[in-house]
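Residue strings, one per chain:
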Amino acid sequence: MQGLNVELALSDDNQLAVNVAASTFVHSALPGQVNGIEFNCPAIQRHEQAYICTGGRLRIADSPYGPQDLAASGQFIDSEHLKLQVGGLKFAGGGAGFELELTEGQWKLALKGKRLKLDSLRKQIDVLPLPKDWNLSGEATLQAKLSGHSDQPDSVKLALQIQNLAYADREGLQVAEGGFLKLNLNARRKHADWLGETKLTLSQGEFYSDPLFLEIAKKPVEMSLQGRWRPVSEQLQIDKSQLIVPQVVTAQGQAILDITKNHVIEANIQLQVDELEGLYTTVLQPFLIGTLMDDLETTGVVKAELELKDGQLQRFNSSMERVSVDDKRSLFALYGLSGQLAWLRDGQSDASHIQIEGGQLYKIDYGPITIHARAQSGEVSFLEPVDIPLMDGFIHIEQLNAQGLLDHSPEWTTSAQLTDISLQALANSFGWPTMKGQLNGSIPTVHYRYHALKLDGELKFDVFGGAISIGQLVIKDPLGRVPELFADLHLSDLELAQITQTFSFGHIEGGLEGRVEGLHLANWEPIAFRARFNTPENDKTSHRISQRAVDNLTSLGNGVGSGLSSTFLGIFKEFRYNRIELQANLQGSIAELDGMEHSDGGYYLVKGSGLPRIDVIARNRQVAWKTLLERLKNIRVEGMEVR
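What you see is a predicted model; the values in this text were computed from it and never measured. (Residues numbered from 1 in each chain as written. Predicted model: local features only at pLDDT ≥ 70, side-chain atom pairs only at ≥ 80, totals over all residues. Heavy atoms only, no water.)

(A) Main features of the state of the cysteines. Tallying each qualifying case throughout the model produces one disulfide. Between the sulfur atoms of Cys41 and its disulfide partner Cys53 the distance amounts to 2.0 Å. Looking along the S-S bond of the Cys41-Cys53 disulfide, the torsion reads about 110 degrees, which is the right-handed sense. Linking Cys41 in strand β3 (residues 34-47) with Cys53 in strand β4 (residues 50-62), this pair joins segments that are twelve residues apart in sequence. A relative accessible area of 0% means that Cys41 is categorised as buried. (Disulfide = S-S within 2.5 Å. Helix = DSSP H or I, 4+ residues; strand = E, 2+ residues; numbered from the N terminus. Buried < 20%, exposed > 50% of the residue type's maximum accessible area, 1.4 Å probe, protein only.)

Structure, rendered in structure tokens:
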């Protein structure tokens, strides 16, 4: 304080009056200098050693908070013993007051503020944790009690209430409207550290922090912390904490944080999710937009514990009860998942045990599954083979090993066998025509790396009395929105009798072989291939074809049947044939068709034998792929005739 002047006067009735003036006053608790100070008390009473003023005025010409004209009262013994109460302070668009007490170097300060405007408050004190270029509004009520020695505070008690809280950054990525919050803080100094507890309650409002949105209407969001602040190392030690987001998650834990680096030194967090749907829609789904997991129905109870050190996850344990996940696009579903998951970064973790009641993948239903596995570091492996019941049979997965799960390029390998898979069940799943028989086969080692699935060797299936093998299989981005498949197929020793019976095509006897090379699917739709299906050379089986099969093959040519039943050939139910052949090349939207060469420019699909002789001849060599697909559904394509 500078320019201090004290005037004392004794009135006629022996009342002591005092007038104190000062040119400037500076204190570390103030953001700027106070000028033109005048304190006047017209009547001072003496009580024992104290001088008491009850009707004083304090006038300030200029301060960081503007000019002031305040009611002031107090008690003075000496410079080490005094009290001062000030009310009516115009501050941040509202009103404030304070009470100061000094006792032998110790001080106590009580503050009150009402209807304080946040936008004005931010301009007058630089303590609000929001950037200066954000829009901010709201009204605050404040009560605080501080005590300390010299210019060092020793304890702080704070009760803050803000209503109609609203803020927004320039990009609209951080927004709040209609917020109502309460903050309570109680802290005390112990040696060089601060110990305390705080509680924050949000009972109203809409809050958006890209990409998360939270609307608080019925039950409040509550967060409480208890711990220690170490100013020397700038570390915050949280001994006890709790976060309650109703219908979303309850979390509690302990942590040590490096505030200067925004770094987690160590932490232990426990999570309780009583309804998975709330956690998914509020927290998970916004981060999954544009992925395969962005439109799910979820239910179930999840508990989890996480341990972090130096910013990295060290341990994860979770228990799940009745968890179900259902993709609304019907791509996949998982029902009734229960069990325990365990993961450890360093060392050997506990085993994970999972039971699944059933589910669906690409319209294929599967039954109960039990998985015993171990997860540690970036690896996951099955401890026992896994059987997946589906389509009246099952898939036996002998082993699965996943690596690099903590990196940007995870990879895994597996192998499996298919046993007694019902073709009829498969057809029902995809809405295909009636099929009969079973599918058996083996899946050699499969690798997944760089978002692509590759097959070592050939995928072999025993079906229709013969075998189908798939080689050069690659699936890019199999769980993405537009997966791509590349493969070559080889068909050998298939029995047409089983195939035609399966598809209700009409009866054909004989063998069938074929190849499909350069198969390319995008989103499971063909966009390129070179295919040929034909009767094997030196096929010793009986070659017979029914009238119905001839009629259907003819329909592949011109969109109408052969009309055999209306001719004298209608008396024959079956015919002999020498050879069957069909070639189809697809590139883009056009399919090129071919068969066995015919002298007049067409091509045979079926070359007859014996009497009565019947040939199926096609003449149209090009057809739009979409048109071909539609006609294949009805066993029809243009450009064929029957002789």
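Resuming the write-up.
(B) Geometry of the pairing of strand β10 (residues 152-168). As paired elements, strand β9 (residues 135-149) and β10 share 14 bridges and run antiparallel to each other. Paired with Leu142 across the bridge in β10 is Leu160. As consecutive antiparallel partners, β9 and β10 are separated by two residues, and within that stretch Ser150 has a phi angle of approximately 55 degrees, a positive value. Where β10 meets strand β11 (residues 174-190), eleven bridges bridge the pair, whose relative direction is antiparallel. Across the sheet, residue Val156 finds its bridge partner in β11, namely Ala187. Linking β10 back to β11 in an antiparallel pair, the connection comprises five residues, with Gly172 at a positive phi of about 75 degrees. (Pairing = 2+ DSSP bridges.)

(C) Examining the packing of aromatic side chains more closely. Going through the model one piece at a time under the given rule, you end up with four aromatic pairs. With a centroid separation of 4.8 Å and an interplanar angle of 90 degrees, the aromatic rings of Tyr65 and Phe91 are classed as edge-to-face. In this pair, Tyr65 sits in the loop between β4 and β5 (68-78) while Phe91 sits in strand β6 (residues 81-91), placing the two residues 26 residues apart along the sequence. In terms of burial, Tyr65 and Phe91 fall into one category: buried. Ring centres of Trp412 and Tyr448 lie 5.6 Å apart, and the angle between their planes is 10 degrees; on these two criteria the pair is classed as stacked. Placement of the pair is Trp412 in strand β28 (residues 411-422) and Tyr448 in strand β29 (residues 438-449), with a sequence separation of 36 residues. (Phe/Tyr/Trp six-rings, centres within 6.5 Å; stacked < 30°, edge-to-face > 60°.)

(D) Region of the structure containing the pattern of salt bridges. In the structure shown here, the tally under the stated rule is 20 salt bridges. Arg532 is the salt-bridge partner of Glu581, the closest N and O atoms lying 3.3 Å from each other. In this pair, Glu581 is assigned in strand β38 (residues 574-587) and Arg532 in strand β36 (residues 525-534), connecting sequence segments 49 residues apart. On the accessibility criterion, Arg532 (37% relative accessible area) is partly exposed. Here Arg579 and Glu537 are joined by a salt bridge, their closest N and O atoms 3.4 Å apart. Here Arg579, found in strand β38, pairs with Glu537, found in the loop between β36 and β37 (544-546); they are 42 residues apart in sequence, far enough to count as distant. Judged by relative accessible area, Glu537 falls into the exposed class, the value being 60%. Among the charged side chains, a salt-bridge network with shared partners connects Arg532, Glu537, Arg579 and Glu581. (Salt bridge = Lys/Arg side-chain N within 4 Å of Asp/Glu carboxyl O.)

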